[in-house]
Structures are given as C-alpha cells and as structure tokens.
Amino acid sequence: MAVPKKKTSKSRKNMRRAHDFLTPASVSTCPQCKAAKLPHRACPTCGTYKGKEVIKIEEV
Amino acid sequence: MRHNKSGRRLGRTTSHRVAMFRNMVTSFFNHERITTTDAKAKELRSIADKMITLGKRGDLHAMRLAASYIREKSVVTKLFTTIAPRYTARPGGYTRIVKLGLRPGDNAQLAMIELVEEEFTPKVKKAAPKVKASAAAKAPKKEAAPAVEVIEEVKTKIADPAVACEASAD
C-alpha cells in the first residue's frame, strides 16, 4: 500500500488550504424598500421586482 | 460534443419528465402563474410557447396536437379561446420568469413563471449600426459636414438595391 514518506508540515498543510475559503454572497438593495436582497431576484421583504411587479403578496 | 443535447434532464427518466411537464403546462395555463424551481420554469417556458403557437394556429389539427399534450380539455379550450387570441401581435416570448430566491429545505432556486400581459409594443429597430452611430456622434463636435455625408451615404446605400432590382426587372 502506498504510504506517505514524510509527515505533512504545517506549512504544506496551510499552503494546501490557502484556497479553501468561502466567498461572501453578493448583495444588492431593493429599489422599493431599500432592504438587502439577492441580485436579479425578487425582494423577499416587499415582494417586488423591477419596481411595479408584485410577485408574492406579503401579509404583515 | 454537445451536439443535439439540448434541455435539462432534471434527474428523471424521460417518461417521468414528459409526464411532469404535461402536468405542469396544464396547470400553468389553468392558473396563468405558477411557482416552481428555476430550472423547471426555464424548460416549461419553451413548452408553453409551443402550445400558444398551436393556439394561434387555431385549426382542428393544432387543437388535437395541443389536446394530445395538455391533460384537461377545459384547459385546451381556454388556451384556444382566451389565451392565444391575446398574443396575435406578439411574435413569441409569451412568458415571464422572475427568480424568487432559495427554498428552505433543499436550497433550490425558486422562480415564478407567468403569462405576459396583452399589451405589446414592438421593439423599434435601430436605423444605423453601432459603428456608424458612434462615428456620427464623434463627428459633429468637430465638423458638422462629415455627419451629413454619413447620412447621405446611408441613404444612397439603401437606395441602391431598389435601383438594382428595377434594373434587373427591366
């Protein structure tokens, strides 16, 4: 069976993991209610997209 | 190669997928607005457009073709009598998809698909291509004369084919 000859050093380990990171989600603001929302999607707080369209009727 | 591999399989067998879209297009024309996943909405769009094209044809054969796909006869009559006549002026693109966000539970992208409104304003075709427009925009600041020349050139270019046609007819 193939076995590593040397123990992976902290440096090697950390170099390998240098690309393991999460990227933050891109956020846009709703032009209607100014709440943060995902870009190109309907606003979940006021239920509008591109101004006039009401997609979901949000009951308070 | 990707040749002849259009469409999504959606993790279903062909029969399962066809059965699902027959159900979906039936309830889509029944309710005129449904919420589903983004991928399914994008597939449904093409099917619904084809059904409306059948509805615009309006003959008996088209109605039988539509009835062989749509599951309810009442929906077929609705398609042919109320939905298709709305879009006589519209050359395709009868649906609108709006993304809604992520579904709790499986994190799927949800979307709302609906039939677009009846009003239709045809897109105005641009008179000149972009290259000429930008050239005309740059020219007038320095000299007014070159812009006029450009327009005249365009006119002669448009005029030429007609003259050529007449010449060939003679």
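Presented here is an overview of the structure given in this document. Here the structure is a predicted model, which is why all the values come from computation and not from measurement.

## Remarks on the overall build of chain B
Point 1. What chain B contains, in helices and strands, is six helices and three strands.
Point 2. In chain B, the succession of α and β elements from N to C terminus is α-β-α-α-α-β-β-α-α.
Point 3. Looking at chain B as a whole, 29% of its 170 residues qualify as buried.
Point 4. A separation of at least 24 residues holds for 58% of the contacts in chain B among residues at least 6 apart in sequence.
Point 5. In the form shown here, chain B has an accessible surface area of approximately 11600 Å², with 57% of it arising from carbon and sulfur atoms.

## Section: unusual backbone geometry
All names here are of chain B.
Point 1. In this model, Leu10 sits at a positive phi of 60°, which is unusual for a non-glycine residue.
Point 2. Its location among the elements puts Leu10 in the segment before α1 (14-31).
Point 3. Here the phi dihedral of Glu32 falls at roughly 70°; this positive angle occurs in a residue that is not glycine.
Point 4. Checked against the element boundaries, Glu32 lands in the loop between α1 and β1 (33-37).
Point 5. With a relative accessible area of 21%, Glu32 lands in the partly exposed category.

## Looking at the interface of chain B and chain A
Point 1. Across the boundary between the two partners, chain B contributes nine residues, which contact eight residues of chain A.
Point 2. Interface of chain B and chain A: buried area, both sides summed, is about 710 Å²; carbon and sulfur atoms make up 54% of it.
Point 3. Here chain B is connected to chain A by zero salt bridges.
Point 4. In this assembly, chain B and chain A are joined by two residue pairs in polar contact (both at pLDDT 80 or more).
Point 5. Among the secondary structure elements, those contributing two or more residues to the side of chain B that touches chain A are β2 (95-102) and β3 (109-115) of chain B.
Point 6. Looking at the side of chain B that touches chain A element by element, the count peaks at five residues for β2 of chain B.
Point 7. Grouping the constituent residues of the side of chain B that touches chain A by class yields three nonpolar, two polar and four charged.

## Quick look at the sheet that holds β1 of chain B
All names here are of chain B.
Point 1. Sheet architecture is open: three strands sit in the order β1-β3-β2, paired in antiparallel fashion. Unpaired on one side and paired on the other, β1 and β2 mark the two borders of the sheet. Ignoring strand direction, the axes of neighbouring strands in this sheet form an average angle of 25°.
Point 2. Of the pairings in the sheet, the one linking β1 to β3 comprises five bridges and is antiparallel in character. For Thr37, the partnering residue across the bridge sits in β3 and is Leu110.

Cut-off values and rules
- Residues numbered from 1 in each chain as written.
- Chains lettered and ligands numbered in written order.
- Predicted model: local features only at pLDDT ≥ 70, side-chain atom pairs only at ≥ 80, totals over all residues.
- Heavy atoms only, no water.
- Helix = DSSP H or I, 4+ residues; strand = E, 2+ residues; numbered from the N terminus.
- Buried < 20%, exposed > 50% of the residue type's maximum accessible area, 1.4 Å probe, protein only.
- Contact = heavy atoms within 4.5 Å.
- Areas by Shrake-Rupley, 256 points an atom, 1.4 Å probe, with all protein chains shown as cover.
- Buried area = accessible area lost by both parts, 1.4 Å probe.
- Salt bridge = Lys/Arg side-chain N within 4 Å of Asp/Glu carboxyl O.
- Polar contact = N/O pair within 3.5 Å; in protein donor to acceptor, adjacent residues only side chain to side chain.
- Nonpolar A, V, L, I, M, F, W, Y, C, P; charged D, E, K, R; others polar.
- Pairing = 2+ DSSP bridges.
- Axes fitted to C-alpha atoms, helices over the stretch in contact; angles between N-to-C directions.

Scope: geometric values only; no functional claims are made or implied.
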